[in-house]
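Single-letter residue listing:
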Amino acid sequence: MQTVLIYGDSNTHGTKPLQRPGQSERFSPAHRWPAVMAAQLGPDVRVIDEGLPGRTTVHDDPIEGGARNGLSVLPAILPSHAPIDLLVIMLGTNDLKSRFSVTSWEIARSVERLVLAARAELPGLAVLIVAPVPVREVGGLKEVYVGAERRQEGLNAHLAQIAKAQGCGFVDAGSYIEVSDIDGVHWDAEDHVSFAAIMAEKVADQLGAEA
């Protein structure tokens with residue numbers, strides 16, 4: 001059996017679009033892309049869903065608190081699930097919150113740091129980087145993401161460059177789905193399902209290449 005660990009935020013967790021900050025509603029497994037993808041990959045692939053709402057790449061959150069710094073907890077998560085055949089990283093959306101004030105280039109470099117940290121724990125680990133779906137400053141989370149549309153410009157290209165430099169696979173999620181009009185950040189149920197089909201193909205290809 002091959003093991004895939006998905007390291008992400010609320011869109012990996014399956015958080016529903018929010019009417020306002022502070023809400024916490026989650027889709028059923030039938031409408032969370034990691035679970036749907038797992039069903040499509042079949043019983044020979046074990047998919048571990050490590051999605052935490054609010055998770056950043058490398059930043060402590062001064063407002064929401066919690067263990068949301070992805071770099072800090074990764075060294076504990078990886079060995080707890082080892083051996084791992086593929087690490088999927090889809091982070092960067094929460095870095096776009098105005099409180100962090102970072103550029104798209106800095107977000108991409110932060111993802112690269114996660115890749116390096118993961119391989120320091122598990123040498124030779126195969127990694128698939130997923131560029132998050134671009135956010136929009138609308139709806140219930142508009143005030144949380146003030147200026148995010150401008151700051152995210154170029155993020156996909158930067159992440160693609162990082163993936164190439166580090167020998168990682170790459171998927172641009174925004175080429176396949178869009179964020180919900182309700183909050184400009186999270187996905188509707190049908191987008192989870194359609195993205196799962198895309199990712200099942202990409203992950204299967206990556207696992208085949210690593211076999």
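Rules used in this analysis
Residues numbered from 1 in each chain as written. Predicted model: local features only at pLDDT ≥ 70, side-chain atom pairs only at ≥ 80, totals over all residues. Heavy atoms only, no water. 1 Å grid on protein atoms, 1.4 Å probe; cavity = no way out; pocket = protein on both sides within 12 Å on 5 of 7 lines; lining within 4 Å. Points joined across faces, edges and corners; volume = space filled by probe spheres on them. Nonpolar A, V, L, I, M, F, W, Y, C, P; charged D, E, K, R; others polar. Phe/Tyr/Trp six-rings, centres within 6.5 Å; stacked < 30°, edge-to-face > 60°. Helix = DSSP H or I, 4+ residues; strand = E, 2+ residues; numbered from the N terminus. Buried < 20%, exposed > 50% of the residue type's maximum accessible area, 1.4 Å probe, protein only. Salt bridge = Lys/Arg side-chain N within 4 Å of Asp/Glu carboxyl O. Axes fitted to C-alpha atoms, helices over the stretch in contact; angles between N-to-C directions. Parallel < 35°, antiparallel > 145°, perpendicular 65-115°, else oblique. Left-handed = near helix turned anticlockwise from the far one by under 90°. Contact = heavy atoms within 4.5 Å. Pairing = 2+ DSSP bridges. Right-handed = clockwise from strand over helix to strand, strands pointing away.

Some points on empty space enclosed by the protein
The final tally for this structure, using the stated rule, is one cavity of 30 Å³ or more. Lining of the largest cavity is provided by Asp9, Asn11, Met90, Thr93, Pro132, Val133 and Trp187. Looking at the lining of the largest cavity, its residues break down into four nonpolar, two polar and one charged.

Some words on the packing of aromatic side chains
This model, assessed by the stated rule, comprises two aromatic pairs. Arranged with centres 5.3 Å apart and planes meeting at 80°, the rings of Trp33 and Phe195 form a pair that is edge-to-face. Of this pair, Trp33 sits in helix α2 (residues 33–41) while Phe195 sits in helix α7 (residues 189–210), and the two are 162 residues apart along the sequence. In this structure, Trp33 and Phe195 share a single accessibility class: buried. The structure contains a cluster of three or more aromatic residues connected by ring pairs, namely Trp33, Trp187 and Phe195.

What about the pattern of salt bridges?
Counted according to the given criterion, the structure contains seven salt bridges. Among the salt bridges present, the one from Glu64 reaches Arg99, with a minimum N-O distance of 3.4 Å. With Glu64 in the loop between β2 (45–51) and α3 (70–81) and Arg99 in the loop between β3 (86–90) and α4 (104–121), the pair connects residues that are 35 residues apart, well separated along the chain. Beyond isolated ion pairs, a larger network of salt bridges with shared partners links Asp61, Glu64, Arg68, Lys97 and Arg99.

With respect to the packing of α4 against helix α6 (residues 155–166)
Between α4 and α6, whose axes approach to 8 Å, the crossing angle comes to 30°. Overall, the two elements α4 and α6 adopt an arrangement that is roughly parallel. The chirality of how α4 crosses α6 is right-handed. Taking contact as the criterion, the partners of Ser104, Trp105, Ile107, Ala108, Arg109, Val111, Glu112, Val115, Leu116 and Arg119 in α4 are, on α6, Leu155, His158, Leu159, Ile162 and Gln166.

A short note on the pairing of β3
Every regular strand shows the same layout, with side chains that alternate between the two sheet faces. Burial analysis of β3 places five of its five residues in the buried class, the great majority of the element. In β3, alternate side chains face the same way, and those of Leu86, Val88 and Met90 on one face and Leu87 and Ile89 on the other are all buried. In the sheet, strand β1 (residues 2–8) pairs with β3 via five bridges, with the strands oriented parallel. Its bridge partner being in β3, Val4 is matched across the sheet by Leu86. Bridge count for β3 against strand β4 (residues 127–131) is three bridges, and the pairing is parallel. Within the sheet, the bridge partner assigned to Val88 lies in β4 and is Leu128. Regarding topology, α4 serves as the crossover connection from β3 to the parallel β4, and that connection is right-handed.

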